[in-house]
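Architecture at a glance
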Amino acid sequence: MGTSYLTIGGLGASVGLLIYAGLTYMLTNYGFRFDIGWFLLAISPYQWALVGIALAVSLSVLGAALGIFATGVSILGGGVKAPRIRTKNLISIIMCEAVAIYGLIMGIVISGSISSFSATRIEDLALKYRAGYKLFGAGLSVGLCNLFCGVCVGLVGSGAALADAQNSSLFVRILIIEIFASAIGLFGLIVSILQSSGSNMAD
Amino acid sequence: MKDDLYFNLDHGYAEGLCRGFKSGILKAADYHNLVQCETLEDLRLHLQSTDYGNFLANEASPLTVNVIDDRLREKTVQEFQHLRNVSYEPLSTFLDYITYAYMIDNIVLLITGTLHQRAIGDLLPRCHPLGSFEQLGAITVADTPAQLYTAVLVDTPLAPYFIDCISEHDLDELNVEIIRSTLYKAYLEDFYNFCEKLGGITAEVMCEILAFEADRRAFMITINSFDTGLTQDERAKLYPTCGHLHPDGLQELRRTDSYDAVRDVAAHYPQYKLLFEGAGTNTGDKTIEDKFFEHEVKLNMNAFLRQFHFGIFYAYLKLKEQENRNIIWIGECIAQKHRARIDNYVPIF
């Protein structure tokens, strides 16, 4: 809640350092060294694509994990005094797991598009770079969507477990909220498939 | 964000468990059954079908209300201890704070008992189990508050609350009540600050509840001190400052000298105006204490409407205590065959 002195100090120091470095470059006429174009060209398309895969899988799994622990603990706690909720509420956990599976699928699909290339002409190289960026974008979109989807499904599932423990007619209604929540992960999957579909690194 | 995302990591199980306990609180239908009991044996039979189960199974008949009181308290303490055992920080510190109030009650009980020349063996079983600490038995050796502090209380968690109470006067009847009020004031303000530091939903829920508790103390101290020898300044030192009444209402309360004047002070605050309007001093009306109990139950029930905060643990304990008071009230009415006011329990659900 309160930003500590350490956080503010660190932030201030890094901003100060950046401003100092930037001014040094600019005022000593070395401003051309700060070359974003060179930076982007120097990173190989393989790097972009593979980082995309990493983001797709890891962020999806992170979302699913946050969701599963949020729900699982509430099912445990609520199941002590109301044992009937234990089996029905595993549906929430399955929906969180589905989020991780989306990430897995996209990881496999994206990695299927990666292959070696030996192009040298600038027109061909541009296509390879395009593929790299598309695969990175695909991975990022599915990863972030699944992260928030997993968290959302988990928190709603926690509420569903506790409400079910009090009144069993509430479970199905809160499940409908969870279904809407898991639909947003599906959106990420769809957009990601569209992004990665046209990209091929092969020659 | 921190509340929602990471609360369940450490406290999800305890919360689920606490909500499970809360669902065992007696409903209106249960009270309806209890009120129609003719004897305490009927009461025991009806309580068996609720969440209480066979807690009175091993008691010999004839049953007395004192025995029922002890068993009810034992069950509540058992549940609370279990919650304390499965909790992590900062929930464990929060639950410890709740027990400090009972420690204060126990200390005052022991001191008063010693003043009336009761043996320590009689007094210790009457202490509340939630407020027990190791040095509890050693309280009776002290004569003045200064001695009490240096000999016994300096190692307990209550030590910081005692700063205002230390004096060389002997412990006598009036003094002991003043000590209780001073300790409780310091404790309430400390608890309020702790909850505020926790932040998030816990702060929102708990600060509301504790502010009402502080104001209720101020009102009750004022009303109860009208015929005693307590001066206005001494009284003002006992008002907790963490409520809505601080600072203007407390200043005005200081100057009041009758129940009607207190009601006029309360009229400045909409929620307290309603409470005072519903109460009266005639025999058929609800007293202001009853209205305060009802308001407290309402605030505690509202705490359960939000998820991912510590307020439900405090609220659960208070609701359970209120339920125990209700059952004992019904039990007393049945035992004394004086059923006219048996419906004066505070309904929770």
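Each chain has its residues counted from 1, following the order in which its sequence is written. For this description, chains carry letters from A and ligands carry numbers from 1, given in the order in which they are written. In view of the model being predicted, local features appear only for residues whose pLDDT reaches at least 70, and side-chain atom pairs are presented and counted only at 80 or more, with totals across whole chains, interfaces and linings using the full set of residues. Only hydrogens and water are set aside when side-chain values are computed; all heavy atoms of the structure are taken into account.

An unreviewed UniProt entry lists chain B under the name V-type proton ATPase subunit, from Rotaria socialis.

Looking at an unreviewed UniProt entry, one finds chain A named V-type proton ATPase 21 kDa proteolipid subunit c'' and attributed to Rotaria socialis. UniProt positions are given in the numbering used here, feature names are shortened, and annotations may be inferred rather than shown by experiment. Under Sequence similarities (unreviewed entry), UniProt gives the following word-for-word description of chain A: "Belongs to the V-ATPase proteolipid subunit family." Looking at chain A in UniProt, the text filed under Subcellular location (unreviewed entry) is "Membrane".

As a further point, take the overall build of chain B. Helix and strand definitions follow DSSP, with helices as H or I runs of at least four residues and strands as E runs of at least two, each counted in order from the N terminus. The number of helices and strands found in chain B is 15 helices and 0 strands. Over its C-alpha atoms chain B spans a radius of gyration of 21 Å, differing by no more than 12% from the 20 Å that the globule rule assigns to 349 residues. On the principal axes, the C-alpha backbone points of chain B span a range of 55 × 55 × 45 Å. Burial classes follow relative accessibility: with a 1.4 Å probe on protein chains only, a residue under 20% of its type's maximum area counts as buried, one over 50% as exposed, and anything between as partly exposed. By residue count, 53% of the 349 residues in chain B fall in the buried class. Restricting to contacts in chain B with at least 6 residues of sequence separation, those with at least 24 account for 63%. With residues, only the protein chains shown are counted as cover, and all accessible areas are computed by Shrake-Rupley using a 1.4 Å probe. Accessible surface computed for chain B: about 16,200 Å², of which carbon and sulfur atoms make up 49%. Charged residues are defined here as Lys and Arg on the positive side and Asp and Glu on the negative side; His and the ends of the chain fall outside this count. A single reference atom marks each charge: NZ on Lys, CZ on Arg, CG on Asp, CD on Glu. Side chains of chain B give 32 positive and 52 negative charges; the mean places of these two sets differ by 4 Å. Computation of the radius of gyration draws on C-alpha atoms alone. For the globule rule, the value is 2.2 Å times the number of residues to the power 0.38. We call two residues in contact whenever any of their non-hydrogen atoms come within 4.5 Å of each other.

This part takes up the interface of chain A and chain B. Facing the 17 residues of chain A at the interface are 19 residues of chain B. Note on chain A versus chain B: buried area summed over both sides is about 1,500 Å², and carbon and sulfur give 68% of it. When the buried surface of chain A facing chain B is broken down by residue, A:Lys81, A:Leu162 and A:Gln166 rank first, second and third, together holding 34% of it. Only one rule defines a salt bridge in this text: a Lys or Arg side-chain nitrogen within 4 Å of an Asp or Glu carboxyl oxygen. Applying the counting rule to chain A against chain B returns 1 salt bridge. Polar contacts, as used here, are pairs of N or O atoms within 3.5 Å; protein pairs need one atom able to donate a hydrogen and one able to accept it. Residues neighboring in sequence count only if both atoms are side-chain atoms. The interface formed by chain A and chain B contains 6 residue pairs in polar contact (both at pLDDT 80 or more). For any pair of parts, buried area is found by adding up, for both, the accessible area (1.4 Å probe) each one loses once the two are put together.

Before going further, it helps to examine the UniProt feature "transmembrane region" (unreviewed entry) in chain A. This chain's UniProt record puts "transmembrane region" (unreviewed entry) on residues 6-27, 48-70, 90-114, 135-158 and 170-194 of chain A. Counting secondary structure, residues 48-70 of chain A comes out at 100% helix and 0% strand; the distance between its end C-alpha atoms is 33 Å.

Residues and elements named next belong to chain B. Every buried residue belonging to helix 3 (residues 40-48) is among Leu 40, Leu 43, Arg 44 and Leu 47, and all of these are buried. Down the axis of helix 3, the smallest arc covering the buried residues is 100 degrees, so these residues share one side. Of the surrounding elements, those touching the buried residues of helix 3 are helix 2 (28-35), helix 4 (65-85) and helix 15 (311-335). Between the side-chain oxygen at the start of helix 3 and the backbone nitrogen of Glu 41 there is a gap of 3.3 Å, and the oxygen is on Thr 39. In this context, the arc is that of the directions from the helix axis out to the C-beta atoms.

All names here are of chain B. For this analysis, a ring pair means two rings from Phe, Tyr or Trp (six-membered ring only for Trp) whose centres lie within 6.5 Å, classed as stacked if their planes differ by under 30 degrees, edge-to-face if by over 60, and tilted for the remaining angles. Going through the model one piece at a time under the given rule, you end up with 29 aromatic pairs over all chains. Ring centres of Tyr 52 and Phe 55 lie 5.0 Å apart, and the angle between their planes is 35 degrees; on these two criteria the pair is classed as tilted. Judged by centre distance (6.1 Å) and plane angle (70 degrees), the rings of Tyr 161 and Tyr 187 are edge-to-face. With a gap of 26 residues between them, Tyr 161 in the loop between helix 7 (145-151) and helix 8 (173-198) and Tyr 187 in helix 8 connect regions that are remote in the sequence. For the pair Tyr 161 and Tyr 187, a shared accessibility class is recorded, and that class is buried. Through a chain of ring-to-ring contacts, three or more aromatic side chains come together here, namely Phe 7, Phe 94, Tyr 97, Tyr 100, Tyr 161, Tyr 184, Tyr 187, Phe 191, Phe 194, Phe 308, Phe 310 and Tyr 314. Look at NZ for Lys and CZ for Arg. If either is within 6 Å of the ring centre and within 35 degrees of the ring normal, a charge sits over the ring. Above the face of the Phe 349 ring, Lys 27 is positioned so that its terminal group lies 4.8 Å from the ring centre. Stacked on the ring of Phe 293, the Lys or Arg Arg 216 has its end atom at 4.9 Å from the ring centre.

In this section: helix 7 (residues 170-197) of chain A. Residue and element names in this part refer to chain A. Its 28 residues place the ends of helix 7 41 Å apart at the C-alpha level, agreeing with the 40 Å of an ideal helix rising 1.5 Å per residue. If you check which residues of helix 7 are buried, you get Phe 171, Ile 174, Leu 175, Glu 178, Ala 181, Ser 182, Gly 185, Gly 188, Leu 189, Ser 192 and Ser 196. On its buried side, helix 7 packs onto helix 4 (85-88), helix 5 (90-112) and helix 6 (122-166). For a helix, the expected span equals 1.5 Å multiplied by the residue count minus one.

Time to look at the confidence of the model for chain B. All names here are of chain B. On a range of 0 to 100, pLDDT expresses the predictor's confidence in each residue. Of all residues in chain B, 97% have pLDDT values of 70 or greater, and the mean over the chain is 87. Looking across chain B, the model is least confident in helix 7, with a mean pLDDT of 74, and most confident in helix 15, with 93. Both scores are available for the predicted complex, with the pTM at 0.89 and the ipTM at 0.84.

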